[in-house]
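Residue-level listing of the chains:
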Amino acid sequence: MLPTPKRFTLVAAGAEGPTSLNAFDHALLAAGVGNLNLIRVSSILPPGAEEVERLEVPPGSLLPIAYGSFTSEEPGTQVAAAVAVGLSRDSFGVIMEFGGRCSRDEAEAEVRRRVEEAFRHRGIPLVAVRAIAAEHRVERVGCAFAGCALWY
Amino acid sequence: MLPTPKRFTLVAAGAEGPTSLNAFDHALLAAGVGNLNLIRVSSILPPGAEEVERLEVPPGSLLPIAYGSFTSEEPGTQVAAAVAVGLSRDSFGVIMEFGGRCSRDEAEAEVRRRVEEAFRHRGIPLVAVRAIAAEHRVERVGCAFAGCALWY
Amino acid sequence: MLPTPKRFTLVAAGAEGPTSLNAFDHALLAAGVGNLNLIRVSSILPPGAEEVERLEVPPGSLLPIAYGSFTSEEPGTQVAAAVAVGLSRDSFGVIMEFGGRCSRDEAEAEVRRRVEEAFRHRGIPLVAVRAIAAEHRVERVGCAFAGCALWY
């Protein structure tokens, strides 16, 4: 088995860059995950995983992460990304992500709705939701990013 | 090295949801992989990997999986997804996936053709093909999903 | 923790295929990574990772890799992909990738610019850049692929 993550940290930021990939890179850096090897996962919080405010992993590490992002090359556009983690009483949680042309509040409301739906559909009581979001007004090329890093 | 998977399980399902991400989540649940952290891989069956009908991994586990999926927000559309695993005599296998607007049978035929081509191109005799497919008629937002989970 | 890679190998190739996925598969094979389970990462060279010219991992292994690719179904189109690794004096490096409708040289110039920007933005001196690129003229369905495989 690949080892199951034991901790999670919510991160989010927006940034500009000269290209889409650089804007994404800058947003990752601003969010505190720019010097890691992100492995995108879809997207369950392991049972017992504990929230830790500050991610502490060495540069270059392979980091499982559920994330939403949105990049735009249209100056003036507002982009946002959000991620929400739904927590159950004593079982796994569900992570939902989103990125799009909207405000931070709209992005966060969207992921909260998705988490509520995920719990309703599973028939599990939703005990709490942890969420984070970021927005960014594009100057030339901009990116908003929000993620739930899963670590050990 | 990351550990090389030793088992594989074919899964597929279609589902509705209020958003694309929820429809995808519901399809994963219906397919039996909804409470796991999917890591998408591209897409070789390790030598000696054994097919197991029922996936048995704890919720929240990191699960390598090759998959195809297709989501549509057009009511009435038929969506389908399929995955096929081509098996060789005594070496690795090749996994091919597909998702699109078509029937289950068309999706399965497509992945079978892709596996045949993959073996022809490698010059390896194709001994057997294992395939699975799902279709779904979209009501509002629908998703078809098919995957080959690789586990231990 | 997932183990942090210790070696890297640059690979690139272009290829034809009857479908997009097969063209991608053929490009991977031509690049020497076609019989592995690619896990796409985003995209940091771990500190101390050493370049090795030839990738030596068993078929079916899970292989972290940062890559760019571009597939086209328009006959006559030139597609290209490139990846560049920026190296620092004694810390981690940054990997940038690209795929698009252009020449090999244009793709390589693009990833070099992205690496330079990534170092400028981080405020780290860029000591050297290692890059690789491939181009392909599409006959029916063609793919260009370039990656930085991270292994152990």
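Scroll up for the structure.
A few points on the structure. (Residues numbered from 1 in each chain as written. Chains lettered and ligands numbered in written order. Predicted model: local features only at pLDDT ≥ 70, side-chain atom pairs only at ≥ 80, totals over all residues. Heavy atoms only, no water.)

1. A few points about the side chain of R114 of chain A
The following threshold applies: Secondary structure is summarised from DSSP: a helix means a run of H or I of at least four residues, a strand means a run of E of at least two, and numbering begins at the N terminus for each. Within 3.5 Å is the distance limit for a polar contact, defined as a pair of N or O atoms, with the added protein rule that one can donate a hydrogen and the other accept it, and that residues adjacent in sequence qualify only through two side-chain atoms.
Turning to its location among the elements, R114 of chain A is positioned in helix α2 (residues 104–122). A polar contact is formed between the side chain of R114 of chain A and the backbone oxygen of E97 of chain A, at a distance of 3.1 Å.

2. Some details on the relation of the copies chain C and chain A
Heads up, the rule is: The copies were overlaid with a least-squares fit restricted to C-alpha atoms from residues scoring a pLDDT of at least 70 in each copy.
When chain C is brought onto chain A, the operation consists of a screw motion whose angular component is 120° and whose axial shift is 0.0 Å, with 0.0 Å RMSD remaining. The symmetry that links the two subunits is that of a three-fold axis.

3. A closer look at the interface of chain A and chain B
Put simply, the test is: Two residues form a contact once any of their heavy atoms are found within 4.5 Å. The buried area of a pairing is the accessible area, by a 1.4 Å probe, that goes missing from both parts when the two are put together, added over both. A pairing counts as a salt bridge when a side-chain nitrogen of Lys or Arg comes within 4 Å of a carboxyl oxygen of Asp or Glu.
On the side of chain B, 25 residues touch chain A, which itself brings 26 residues to the contact. With both sides pooled, the region where chain A packs onto chain B buries about 2100 Å², and carbon together with sulfur makes up 65% of that total. Area buried by chain A at its contact with chain B is led by M1, L2 and S42 of chain A, which between them contribute 33% of it. Taken together, the links from chain A to chain B amount to 1 salt bridge. Where chain A meets chain B, there are 8 residue pairs in polar contact (both at pLDDT 80 or more).

4. Looking at the layout of surface pockets
Defined as follows: A pocket, in this scheme, is an open set of points on a 1 Å grid over the protein atoms alone with protein on both sides within 12 Å along at least 5 of 7 lines, while a cavity is a set where a 1.4 Å probe fits but cannot get out; residues line either one if an atom lies within 4 Å of a point. Grid points are joined across faces, edges and corners, and a volume is the space filled by probe spheres set on the points. Following the grouping adopted for this structure description, the nonpolar residues are Ala, Val, Leu, Ile, Met, Phe, Trp, Tyr, Cys and Pro, the charged ones are Asp, Glu, Lys and Arg, and the polar ones are all others, Gly among them.
Of the volumes computed, that of the largest pocket is approximately 1100 Å³. What lines the largest pocket is a set of 39 residues, and nearest its centre among them are R40 of chain A, R40 and Y67 of chain B together with R40 and Y67 of chain C. Per element, the largest residue contribution to the lining of the largest pocket is 5 residues, and it comes from strand β5 (residues 62–72) of chain B. By volume, the second largest pocket is sized at about 210 Å³. Looking at the lining of the second largest pocket, the elements that each hand over two or more residues are β1 (7–16) and α1 (20–31) of chain C. Across the lining of the second largest pocket, the residue classes tally to 9 nonpolar, 4 polar and 2 charged.

5. Things to note about α1 of chain C
Cut-off, in case you're wondering: The span one expects for a helix is its residue count, reduced by one, times 1.5 Å. Residue burial is assigned from relative accessible area. The probe radius is 1.4 Å, only protein chains are included, and a residue is buried under 20% of its type maximum, exposed over 50%, and partly exposed in between.
Relative to the 16 Å expected for 12 residues at 1.5 Å per residue, α1 of chain C spans 16 Å between its end C-alpha atoms, a close match to the ideal helical length. With 9 of its 12 residues buried, α1 of chain C lies for the most part within the structure. Within the span of α1 of chain C, buried status applies to L21, N22, A23, F24, D25, H26, A27, L28 and A31 of chain C. In this structure, the buried side of α1 of chain C is in contact with β7 (93–100) and α2 (104–122) of chain B together with β1, β2 (37–40), β5 (62–72) and β9 (142–151) of chain C. Trailing α1 of chain C by a residue or two, G32 of chain C shows a phi angle of about 95°, which is positive.

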